[in-house]
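The primary structure of each chain is shown beneath.
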Amino acid sequence: MRILGYMARAGGLLLLAALVFMPRWFEPLLRPLTENGAPAIYNQGSLLDLTLAHLGLVAVASIASAILALTLGIFVTRPSGAEFLPLSRTIVNIGQVFPPVAVLAIAVPLVGFGTTPTLIALILYGLLPIFENTITGLREVNPTVIEAARGMGLSARQRFMDVELPLALPVILAGLRLSIVINMGTATIGSTVAAKGLGEVIIAGLQSSNTAFILQGGLIVALLAVLIYDAFGLLERAVARRAGTVDA
Amino acid sequence: MIEIEHVSRRFGTTLAVDDVSLTLERGTITAVVGTSGSGKSTLLRMINRLIEPSSGAIRIAGQDTASLSGEELRRGIGYVIQGHGLFPHWTVARNIATVPVLLKWEKARIDRRVSELLELLQLDATVYANKYPHQLSGGQQQRVGVARALAAEPAVLLMDEPFGALDPIIRSQAQADLLALQRRLGVTVVLVTHDMEEALHLAGHIAVMDGGKLLQFASPAELLARPKHGFVERLIGTSDRPFRLLSLRSVADAVEPGDAEGRPVPDTTTLHDALADLLWRQATSLPVMSADGAIRGRITMAAILARAGAPAVSSPPE
Ligand SMILES: Nc1ncnc2c1ncn2[C@@H]1O[C@H](COP(=O)(O)OP(=O)(O)OP(=O)(O)O)[C@@H](O)[C@H]1O
Ligand SMILES: [Mg+2]
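- Under the annotation held in an unreviewed UniProt entry, chain B carries the name ABC transporter ATP-binding protein and is attributed to Lichenifustis flavocetrariae.
- Of the comments in the UniProt record for chain B, the one headed Sequence similarities (unreviewed entry) reads "Belongs to the ABC transporter superfamily."

Right, here's the structure in full:
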């Protein structure tokens, strides 16, 4: 089973590298999808540049989402912040329910075209899984363990940093993973407001009815999402093993 | 010495602990017993200020516990709870080192102390020091919990139903280990338990609580002989009283000169177990041997039975 996993991972990576670095290789495969001699391989920019820009967009948005959602999640699980839980939950939920396209439509008149409105949409959209998992992770820490930590004389800060946070980390990471993967796909809409990213390839395909472009852009985004999802899964398991929640 | 003076604790409208005064001598084991909700844990947790008293004062070795910060106080007091509460993401060694690390001991000193404790609690350091709590049996986890509580050499050890989660065989082993450990270290132990048997077996003094009040504070023998009328009597269970009384004394207290047939019983056996032995073997007397194996006399059924009755002077009716 393990061998199969490694092979699938290596295969995915190779395919991704080929799509980004050697797009010409796929010309024979994609050619039948084009009409009237349209180009089969995206020719309006470097796929590598677009992939890096896409990853950068998602990375910045996810880091910002994570900082916001973690801070909020930690705050509302402290006794002093407990009363803000319902309010915070409502706000975060709106961020998730409000479609990113609508956020773009509202943000563009306010902040202009480009990366900024896209980041706003992605940050809002990515909050919920991290926020909810932070709360769940911290709440699920065995109360006996916290009681023991208090009884040993750990300060509130030490209890949080040394005990609660490490024990909640696997669950928090699961939320982060979900958020990143969702945003990997969602980031493609940024191209409608001129944010650089893989959405450009897909949109170019849509505008010129070029299925080959759509497939190319879609495949790269999907492979990125799957591989990152998988890498995070490995990380989570390593962290959970260290947290003593699963056997080594 | 722990002095508890007119201590009360209120939670909203419930008075969890109601004006309790108690003095626990240094180097003794005191058991706190009572039904669920009687305020045992609350009383215990007020000693290390996990719960602050609503009124009253607690002094340890003459020092008012309120004069320290709660964290400082707790680092100086061992605390063991049911279900051990070991940190699952830390190894056994790191768990045991919790308080020494908080106290910023040097690494070499911490390492030495951890090995010492592992040995004291009969856990092979080469096997267990780097294991995680979930890789240990319940009994081993419980021992690591005790080692962790003793790590910084506290003078006081608080235990809240420490053996509650163990099966009967492991539990009696853990009780024996605690007795030996306490004698060796001379630490003052306060033990909350549901189990009257456990209290009678381990404690030098027993505090009986009901509805937040301290009903009686007495030695096991005293408690059995003269239980306060009502709740304490019911808690002890009148039908078992003679046998419990016999459990408190050893054959050495009742040995008499003379010969007897059969396999000798050690003089450290409780009278309760000696009686069981006599009954099982259908004998009226058995030889008694001391620790070195020498025969020092015999134990008779009559001598045991004579010690199973109510003391001559019973408490005046209330
Ligand atoms: N933090 C708290 N908030 C409110 N009420 C509490 C709190 N802690 C204890 N109580 C109440 O105080 C009373 C005594 O509780 P305590 O835990 O001391 O009992 P206990 O004798 O240890 O019981 P058990 O044997 O079930 O552990 C109970 O009525 C309980 O509901
Ligand atoms: Mg209790």
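Quick look at the sheet that holds strand β7 (residues 156-160) of chain B
All names here are of chain B.
Piece 1. The strand order across the open sheet built from 6 strands is β6-β7-β8-β3-β9-β10, with neighbouring strands paired in mixed fashion. Both edges of this open sheet fall to β6 (77-81) and β10 (213-218), since each of them pairs with a single strand only. When strand polarity is set aside, the average angle formed by the axes of neighbouring strands in this sheet is 15°.
Piece 2. Two strands pair when backbone bridges link them, and strand β3 (residues 29-34) and strand β9 (residues 205-210) are joined in this way by 5 bridges, in the parallel orientation. The residue bridging Thr30 from the neighbouring strand is His205, located in β9.

Focus on unusual backbone geometry
All names here are of chain B.
Piece 1. One non-glycine residue, Asp19, adopts positive backbone phi at about 50°.
Piece 2. Along the chain, Asp19 falls in strand β2 (residues 14-24).
Piece 3. One non-glycine residue, Ala61, lies in positive phi territory at about 50°.
Piece 4. Among the structural elements, Ala61 can be located in the loop between β4 (55-60) and β5 (63-64).

Brief notes about the site of ligand 1
All names here are of chain B.
Piece 1. In the vicinity of ligand 1, the contacting residues are Phe11, Ala16, Thr35, Ser36, Gly37, Ser38, Gly39, Lys40, Ser41, Thr42, Glu161 and His194.
Piece 2. Within the backbone of Gly39, one N or O atom sits 3.0 Å away from an oxygen atom of ligand 1.
Piece 3. Interatomic distance of 2.5 Å between a side-chain N/O atom of Thr42 and an oxygen atom of ligand 1.
Piece 4. Burial of ligand 1 by the protein chains amounts to 58% of its free accessible area of 630 Å².
Piece 5. For the shell around ligand 1, the element with the most residues is helix α1 (residues 40-47), which contributes 3 residues.
Piece 6. Across the shell around ligand 1, the residue classes tally to 2 nonpolar, 8 polar and 2 charged.

Details of the sheet that holds strand β11 (residues 265-266) of chain B
Residues and elements named next belong to chain B.
Piece 1. In space, the 3 strands of this open sheet follow the order β11-β12-β13, with mixed pairing throughout. Looking at the sheet topology across the chains shown, the edges are occupied by β11 and β13 (295-300).
Piece 2. In the sheet, strand β12 (residues 285-289) pairs with β13 via 5 bridges, with the strands oriented antiparallel. Its bridge partner lying in β13, Leu286 is registered against Ile299.

Observations concerning the confidence of the model for chain A
Piece 1. Overall, the predicted model of chain A reaches an average pLDDT of 90, with 97% of residues at or above 70.
Piece 2. The spread of mean pLDDT over the elements of chain A runs between helix α2 (residues 27-30) of chain A, the lowest at 85, and helix α7 (residues 143-152) of chain A, the highest at 95.

So, the UniProt feature "domain: ABC transporter" (unreviewed entry) in chain B
Piece 1. As recorded in UniProt, the feature "domain: ABC transporter" (unreviewed entry) lies at residues 2-236 of chain B.
Piece 2. As annotated, residues 2-236 of chain B has a helix share of 39% and a strand share of 26%, and its two end C-alpha atoms lie 26 Å apart.

A look at the packing of aromatic side chains
The geometry of two aromatic rings is summed up by the distance between their centres and the angle between their planes.
Piece 1. This structure, assessed with the given rule, holds 3 aromatic pairs over all chains.
Piece 2. Between Phe87 of chain B and Trp90 of chain B the ring centres are 5.0 Å apart and the planes differ by 75°, which places this aromatic pair in the edge-to-face class.
Piece 3. Note on Trp90 of chain B: relative accessible area 12%, which makes it buried.
Piece 4. Taking NZ or CZ as reference, Arg177 of chain A lies 4.1 Å from the ring centre of Tyr229 of chain A, over its face.
Piece 5. Lying across the ring of Trp90 of chain B, Arg94 of chain B places its NZ or CZ 3.9 Å from the centre.

Re the nonpolar core
Piece 1. Core analysis: the biggest nonpolar cluster contains 90 residues, and Ile2, Ile4, Ile96, Leu157 and Ile206 of chain B have the highest contact counts within it.
Piece 2. Apart from the residues lying within four places of it in its own chain, the contact partners of Ile206 of chain B are Ala31, Val33, Met196, Ala199, Leu200, Gln216, Phe217, Ala218, Pro220 and Leu223 of chain B.
Piece 3. Listed in part, the 46 residues of the second largest apolar core include Leu57, Ile135, Leu173 and Phe232 of chain A.

Considerations on the pattern of salt bridges
Piece 1. Summed over all chains, the structure comprises 21 salt bridges over all chains.
Piece 2. Ionic pairing is found between Arg45 of chain B and Glu147 of chain A, a salt bridge with its closest N-O pair at 2.3 Å. Taken together, the residues span two chains, with Arg45 of chain B in helix α1 and Glu147 of chain A in helix α7. An identical accessibility class is assigned to Arg45 of chain B and Glu147 of chain A; each is buried.
Piece 3. Asp267 of chain B serves as the salt-bridge partner of Arg296 of chain B, at 2.6 Å between the closest nitrogen and oxygen. Highlighted residues: Arg296 of chain B in strand β13 and Asp267 of chain B in the loop between β11 and α13 (271-281), separated in sequence by 29 residues.
Piece 4. Look at Arg296 of chain B and you get partly exposed, because its relative accessible area is 40%.
Piece 5. Among the charged side chains, a network of salt bridges with common partners joins Arg24, Glu27 and Arg31 of chain A.

A word on the environment of Asp124 of chain B
Residues and elements named next belong to chain B.
Piece 1. Tracing the backbone through its elements, the reader meets Asp124 in the loop between α5 (107-120) and α6 (125-128).
Piece 2. In the structure, Asp124 is positioned 71 residues away from Asp195 in sequence and 31 Å away in space, judged by C-alpha atoms.
Piece 3. Looking at Asp124, its side chain comes within polar contact range of the side chain of Thr126, at 2.8 Å.

Quick word on the packing of helix α9 (residues 199-207) of chain A against helix α10 (residues 211-242) of chain A
All names here are of chain A.
Piece 1. Between α9 and α10, the least distance of the axes is 7 Å, while the angle of their chain directions is 160°. As judged from the angle between their axes, α9 and α10 are roughly antiparallel. Our pair here, α9 against α10, has a crossing hand that is left-handed. Between α9, through Val201, Ile202, Ala204, Gly205 and Leu206, and α10, the contact on the second element is made entirely by Phe213, Ile214, Gln216, Gly217 and Gly218.
Piece 2. For the contact of α9 with α10, the residue count by class is 6 nonpolar, 4 polar and no charged.

Reading guide: rules and limits
Residues numbered from 1 in each chain as written. Chains lettered and ligands numbered in written order. Predicted model: local features only at pLDDT ≥ 70, side-chain atom pairs only at ≥ 80, totals over all residues. Heavy atoms only, no water. UniProt positions renumbered as here; feature names shortened; annotations may be inferred. Pairing = 2+ DSSP bridges. Helix = DSSP H or I, 4+ residues; strand = E, 2+ residues; numbered from the N terminus. Axes fitted to C-alpha atoms, helices over the stretch in contact; angles between N-to-C directions. Near = heavy atom within 4 Å. Polar contact = N/O pair within 3.5 Å; in protein donor to acceptor, adjacent residues only side chain to side chain. Areas by Shrake-Rupley, 256 points an atom, 1.4 Å probe, with all protein chains shown as cover. Nonpolar A, V, L, I, M, F, W, Y, C, P; charged D, E, K, R; others polar. pLDDT = per-residue confidence, 0-100. Phe/Tyr/Trp six-rings, centres within 6.5 Å; stacked < 30°, edge-to-face > 60°. Buried < 20%, exposed > 50% of the residue type's maximum accessible area, 1.4 Å probe, protein only. Lys NZ or Arg CZ within 6 Å of the ring centre and 35° of its normal. Core = buried A, V, L, I, M, F, W, Y, C linked by side-chain atoms within 4.5 Å. Contact = heavy atoms within 4.5 Å. Salt bridge = Lys/Arg side-chain N within 4 Å of Asp/Glu carboxyl O. Parallel < 35°, antiparallel > 145°, perpendicular 65-115°, else oblique. Left-handed = near helix turned anticlockwise from the far one by under 90°.

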